[in-house]
Amino acid sequence: MKFGMFYEHQVPTPWTADAEQRAYQNALDQVELADRLGLDYVWEVEHHFLEEYSHSSAPEVFLAACSQRTKNIRLGHGVMLMSPKYNHPARAAERIATLDLVSNGRVEWGTGESATALEMGGFNLNPAEKTDEWMEGAEQAANMLAMTPYPGFKGKYFEMPCRNIIPKPVQRPHPPMWLACSRRESIHRAARLGLGALAFAFVEPEQAAQWVKEYYDIIKSPACVPLSHTVNPNIAIVSAMSMHADENEAIRRGEDGFKFFGYSLGYVAIYGQHRPGRSDLWQRFLEVKDSLPRTAGQGGIGTPAQVRAFLKRYENVGVDQMMFVQQSGLNRHEHVCDSLRLFAAELLPEFKARDVLRAREKQAELAPYIAQALARKERMPPIADADIPVVESYGRNKSADIGVSRAETVSDRGGGINIPAHDPHAKK
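Just so we're clear, the structure is a prediction, and the values are computed from it rather than from any experiment.

So, how was this worked out
- Residues numbered from 1 in each chain as written.
- Predicted model: local features only at pLDDT ≥ 70, side-chain atom pairs only at ≥ 80, totals over all residues.
- Heavy atoms only, no water.
- Helix = DSSP H or I, 4+ residues; strand = E, 2+ residues; numbered from the N terminus.
- Rg over C-alpha atoms; globule rule 2.2 N^0.38 Å.
- Contact = heavy atoms within 4.5 Å.
- Areas by Shrake-Rupley, 256 points an atom, 1.4 Å probe, with all protein chains shown as cover.
- Lys, Arg positive; Asp, Glu negative; His and termini not counted.
- Charge placed at Lys NZ, Arg CZ, Asp CG, Glu CD.
- Axes fitted to C-alpha atoms, helices over the stretch in contact; angles between N-to-C directions.
- Parallel < 35°, antiparallel > 145°, perpendicular 65-115°, else oblique.
- Left-handed = near helix turned anticlockwise from the far one by under 90°.
- Nonpolar A, V, L, I, M, F, W, Y, C, P; charged D, E, K, R; others polar.
- Phe/Tyr/Trp six-rings, centres within 6.5 Å; stacked < 30°, edge-to-face > 60°.
- Buried < 20%, exposed > 50% of the residue type's maximum accessible area, 1.4 Å probe, protein only.
- Lys NZ or Arg CZ within 6 Å of the ring centre and 35° of its normal.
- Core = buried A, V, L, I, M, F, W, Y, C linked by side-chain atoms within 4.5 Å.
- Pairing = 2+ DSSP bridges.
- Right-handed = clockwise from strand over helix to strand, strands pointing away.
- Salt bridge = Lys/Arg side-chain N within 4 Å of Asp/Glu carboxyl O.
- Patch = residues over 30% accessible without salt bridge, like charges linked within 9 Å, V, L, I, M, F, W, Y side chains within 5 Å.
- Polar contact = N/O pair within 3.5 Å; in protein donor to acceptor, adjacent residues only side chain to side chain.

Details of the overall build of the chain
- A tally of regular secondary structure across the chain gives 14 helices and 12 strands.
- For 428 residues, the compact-globule estimate of 2.2 N^0.38 gives 22 Å, and the chain sits close to it at 24 Å.
- Based on the C-alpha atoms only, the size of the chain along its principal axes is roughly 85 × 55 × 40 Å.
- Pairs at least 24 apart in sequence give 76% of the contacts found in the chain among residues at least 6 apart.
- Put simply, the chain shows about 20100 Å² of open surface, and 52% of that area lies on carbon and sulfur atoms.
- Within the chain, the 53 negative side-chain charges are centred at a point lying 3 Å from the centre of the 49 positive side-chain charges.

See the structure below:
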């Protein structure tokens, strides 16, 4: 089993002038430390307008900063919202490829729909169509990265003409793709589409075991028809993480923050009422926190021995990755770093040793099924060379539209640059 860190960039009220800056800078320090310690992934969400719960609206910027402070850790969008109303597929593809280039091929491309009224309403997205919009945007962005040139597309939610989307990523045809999942049905969808499953749900190992079995049964079946140009057979789930040699101290350091994470998630997505710019989510949490039950994820809070036993239960049922929620509520930066160091010293080496063997066996087992799935994929036909359109330069069209000579539309903006006023390759 591999291990990752999961960030929402939570900033509870009342806000100080530097609260957001401190949250981001602390997270960068934590990711740099995690990379040195040998953790495998960092995952960063994309959310909009979700005050206190998530101040992470530009994950590609944060992940790019991480890329320059780390060497090995994989940089995961957890997730990029793929409705064209959030991210035009061409812009999404360009950003994914650029991040892959500046990180030397370390991008994991998680995708998703979004599920809050604040976000969907803010971008005028119809909730009834969000799954179809995700599907169209994600599939076409993958095509844009894989094809040279992209033939163009006219769909229900966006259209664009033939263009070559550049740059292209280090990882060809594109980085591994994932789908955000919160319930059994979406786990099945990820498997049918050949996508990794980012299961943002806190489940007991027994339930996780069922999800893993059903996911891999579908991956191995004719029902798996890839959405992207690769198959990424992986299941990752989230858990709390607060480790200390003393159990009570681990609980003191991590319990309230993780409770806030669960409470705030329910509030923004299910039962809350929101007044933009007037959030009081942390205060509401304080009023009810002592009555909130512990969740399955609480098992990641405790001594090294307790956390080892907790994690092995998930390893034993075939979960591929555990994503640790640590930066939540008012959890302190130094406590997050202490937990990471203790985890790396006491637990990580033994899990890594077993993961090397399991990964080799898994790859050999799944290779023929992946090949069969990719053979079933219905691919966008490439455009024939003769059909690639010629796009006239803007100045060429503009001069014809307004009836002036081309020479009149060309200006030297300084610096001694000699710009031809006509096409030097044109026949006279």
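Structural notes on the packing of helix α1 (residues 19-37) against helix α2 (residues 59-67)
- The geometry of α1 relative to α2 is characterised by a closest axis approach of 10 Å and an angle of 45 degrees between their N-to-C directions. Between α1 and α2, the angle is such that the two are oblique. For α1 against α2, the interelement crossing comes out right-handed. On the side of α1, the interface is formed by Tyr24, Ala27, Leu28 and Val31, while α2 contributes Phe62, Ala65 and Cys66.
- For the contact of α1 with α2, the class distribution of residues is seven nonpolar, no polar and no charged.

Observations concerning the packing of aromatic side chains
- One pass over the full model with this rule turns up 26 aromatic pairs.
- Aromatic side chains Tyr267 and Tyr271 sit 5.9 Å apart centroid to centroid with 90 degrees between the ring planes, which places their arrangement in the edge-to-face category. With Tyr267 and Tyr271 both in helix α8 (residues 247-271) and four residues apart, the pair spans about one turn of that helix.
- Judged by its relative accessible area of 7%, Tyr267 falls in the buried class.
- The class for Tyr271 is partly exposed, based on a relative accessible area of 46%.
- Grouping aromatic residues by their ring pairs yields a cluster made of Phe6, Tyr53, Phe200, Phe202, Phe258 and Phe261.
- The positively charged end of Arg354 is found above the aromatic ring belonging to Phe351, 4.8 Å away from the centroid.

Regarding the nonpolar core
- Phe3, Trp109, Tyr215, Leu311 and Phe343 are the most contacted members of the largest nonpolar core, which has 82 residues in total.
- In terms of residue count, helix α7 (residues 205-219) provides more of this core than any other element does, seven residues in total.
- If we ignore the near neighbours within four places in the chain, the residues touching Tyr215 are Ile187, Ala190, Ala191, Leu195, Gly196, Ala197, Asn232, Pro233, Asn234 and Ile235.
- Leu50, Ala250, Tyr263 and Val268 belong to the second largest nonpolar core, which has 30 residues in total.

A closer look at the pairing of strand β7 (residues 177-181)
- In terms of residue burial, β7 counts as a mostly covered element, since four of its five residues are buried.
- Note that strand β4 (residues 107-112) and β7 share three bridges and pair parallel. Paired with Gly110 across the bridge in β7 is Trp178.
- Where β7 and strand β8 (residues 196-199) come together, four bridges link them in parallel fashion. Bridge pairing in β8 places Cys181 opposite Ala199.
- For the crossover from β7 across helix α6 (residues 184-192) to β8, the handedness is right-handed.

Examining the sheet that holds strand β2 (residues 41-44)
- Around the barrel, eight strands lie side by side as β1-β2-β3-β4-β7-β8-β9-β12; this closed barrel has parallel pairing. Neighbour-to-neighbour, the strand axes of the sheet open up by a mean angle of 30 degrees, direction not taken into account.
- Sheet topology places strand β1 (residues 2-7) next to β2; four bridges connect them, and they run parallel. Within β2, the position partnered with Met5 by the bridge is Val42.
- Across the sheet, α7 touches β8 and β9 (235-240), and the angle it forms with β9 is around 160 degrees.

What about the pattern of salt bridges?
- This structure, assessed with the given rule, holds 32 salt bridges.
- Of the charged contacts in the structure, one is a salt bridge between Glu32 and Arg69, with a shortest N-O distance of 2.9 Å. Taken as a pair, Glu32 in helix α1 and Arg69 in the loop between α2 and β3 (74-81) lie far apart in primary sequence, 37 residues in all.
- Taking relative accessible area as the criterion, Arg69 reaches 29% and is therefore assigned partly exposed.
- Here Asp256 ties to Lys289 by a salt bridge, and the two come within 3.3 Å at their closest N and O atoms. In this pair, Asp256 sits in helix α8 while Lys289 sits in the loop between α9 (281-288) and β11 (301-302), placing the two residues 33 residues apart along the sequence.
- Overall, the relative accessible area of 31% leaves Asp256 in the partly exposed class.
- Residues participating in the shared-partner salt-bridge network are Glu249, Arg252, Arg253, Asp338 and Arg341.

Focus: a nonpolar patch on the surface
- Residues Leu101, Val102 and Val170 make up a contiguous nonpolar surface patch of about 220 Å² in total accessible area.
- As for its placement among the helices and strands, Val170 is situated in the loop between β6 (159-160) and β7.
- Classification of Val170 as partly exposed rests on a relative accessible area of 45%.

Quick notes on the environment of Arg106
- Locating Arg106 in the fold gives a position in the loop between α3 (89-102) and β4.
- Exposure remark for Arg106: the relative accessible area of 7% places this residue in the buried category.
- Sequence-wise, Arg106 and Gln171 are 65 residues apart; in three dimensions their C-alpha atoms are separated by 8.2 Å.
- Those residues in contact with Arg106 that lie beyond four places of it in its chain are Ser67, Thr70, Lys71, Asn72, Ile73, Arg74, Leu75, Asp100 and Gln171.
- Within polar-contact distance, the side chain of Arg106 engages the backbone oxygen of Ser103 at 2.9 Å.

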